[in-house]
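# Structure at a glance
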Amino acid sequence: MSAVKIIESPRLAWQHLPKSMPAEIKADYLRTLIAAGFKYIDAVSFVGRALVPQMADAELVLEYLDPPDDVEITGLVWDTKGAERAIKSGSIQTLAFPYSLSPAFLQREQDHSLEDALELLEEVGTLAYKAGIDLVAHVSMAFGNPLGDDWSIEEAVNAVDLLVEGGVTQITLDDTAGLATPRLISDLFSDVSAVHDEVDIGLHLRALPQDAAIRIRAAYEAGCRRFNTLLGGFDSTVALGNTLAPTIPTELALTELRSLGAELDDMRPVESIVHAASEIARKYGARVQ
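Residues numbered from 1 in each chain as written. Predicted model: local features only at pLDDT ≥ 70, side-chain atom pairs only at ≥ 80, totals over all residues. Heavy atoms only, no water.

## What about the pairing of strand β5 (residues 134–140)?
Defined as follows: Think of it in three bands: with a 1.4 Å probe and only protein chains considered, a residue is buried below 20% of the maximum accessible area for its type, exposed above 50%, and partly exposed in between. Segments assigned H or I by DSSP are reported as helices when at least four residues long, segments assigned E as strands when at least two residues long, and all are numbered from the N terminus. The pairing criterion for strands is at least two bridges between them, as found by DSSP. If the strands point away from the viewer and the path from the first strand over the helix to the second runs clockwise, then the crossover is right-handed.
The element β5 is largely enclosed, with a buried count of 6 among its 7 residues. Two strands pair when backbone bridges link them, and strand β4 (residues 94–100) and β5 are joined in this way by 7 bridges, in the parallel orientation. Within β5, the residue paired with Ala 96 across the bridge is Val 136. Handedness of the crossover joining β5 and strand β6 (residues 170–174) through helix α7 (residues 153–165): right-handed.

Put into structure tokens, the structure is as follows:
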């Protein structure tokens, strides 16, 4: 049985902070995660500074952090300019690129068509390959679409088809709108994995705390071994009209996975880090569930 990879994702909360958070504090928090045993951290984004000002200091955060070689740092990019910045930083092991089942969502969030996104993904993938770093594509709206675009499991499988044809070997299915159910998680993950058993498929799930364990269980029992989670789970899908489905908190995911006998990296207790994340959220204006 393969080990479970937990990708701690503070970027998900930081990029939505109403107040500016100093680079030194971000770096200190990332050091705390590393000291606790997290080996995979989705830490920063290299998106246009005007579009995501909260993450405009990505290079400075990484300079302060100086991450150890045995920790995989992921940076989100939307285009080749962002990819070039990430590669130049010298601290990024994986580029994350956002794709979507929803043309409306891509257009609204990134001003891209589906065709634009695929073309940019190919360009970013080429840069990543030449730099010797990994690439993961995130498929938003994978579990449903409240924006009116067509959605089905078949549509999700077809989207993965397009990414795999473009050379992508790591894909994360995102429950962007918080619509996944345990049955849907099981069915979608199983169907995508059956068609693309050579691809590393992960999940980014959202849920109310009382629903988190059953969704993690459904994913794990369907074969998922890679999860994007967030200590405290402070981000939310306000822009989609659903303020009640934050990213599943890491502490809840770890508890459920351990109860299932999952093989996990050795980690220190995370309660103190949850408290630190909560204090940061309160200080800089994030919604605390």
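What follows picks up the thread again.
## Concerning unusual backbone geometry
The phi torsion at Asp 111 lies on the positive side, around 60 degrees, for a residue other than glycine. Note on placement: Asp 111 falls in the loop between α5 (103–110) and α6 (114–131). At Met 141, a position not held by glycine, the phi torsion is positive, near 60 degrees. Summarising the element assignment, Met 141 is placed in the loop between β5 and α7. Judged by relative accessible area, which is 0%, Met 141 ranks as buried.

## Some details on the pairing of strand β3 (residues 72–77)
Counted residue by residue, β3 has 6 buried out of 6 residues, so it is predominantly covered. Residues of β3 alternate between two faces, with Glu 72, Thr 74 and Leu 76 on one and Ile 73, Gly 75 and Val 77 on the opposite face, all of them buried. With 6 bridges joining them, strand β2 (residues 40–46) and β3 adopt parallel strand pairing. Its bridge partner lying in β3, Ser 45 is registered against Leu 76. What joins β2 to β3 is helix α3 (residues 58–65), and the crossover it makes is right-handed. Here β3 pairs with β4 via 3 bridges, running parallel.

## A short note on the packing of helix α2 (residues 23–36) against helix α11 (residues 271–284)
Note the cut-off: Between N-to-C directions, angles span 0 to 180 degrees; the directions come from axes that are lines fitted to C-alpha atoms, helices contributing only their stretch in contact. With respect to orientation, any angle under 35 degrees is reported as roughly parallel, any angle over 145 as roughly antiparallel, any angle of 65 to 115 as roughly perpendicular, and every other angle as oblique. Crossing chirality is assigned from the near helix's rotation relative to the far helix, an anticlockwise turn below a right angle marking it left-handed and a clockwise turn marking it right-handed. Contacts: residue pairs with any heavy atoms within 4.5 Å of one another. All amino acids are sorted into three groups, where Ala, Val, Leu, Ile, Met, Phe, Trp, Tyr, Cys and Pro are nonpolar, Asp, Glu, Lys and Arg are charged, and the leftover types, Gly among them, are polar.
Where α2 meets α11, the axes come as close as 11 Å, and the angle between the chain directions of the two elements is 165 degrees. In terms of their interaxial angle, α2 and α11 are classed as roughly antiparallel. α11 is crossed by α2, and the crossing has left-handed handedness. In contact with Ile 25, Tyr 29, Thr 32, Leu 33 and Ala 36 of α2, α11 contributes Ile 273, Ala 276, Ala 277, Ile 280 and Tyr 284. In the contact of α2 with α11, the residues fall into 9 nonpolar, 1 polar and no charged.

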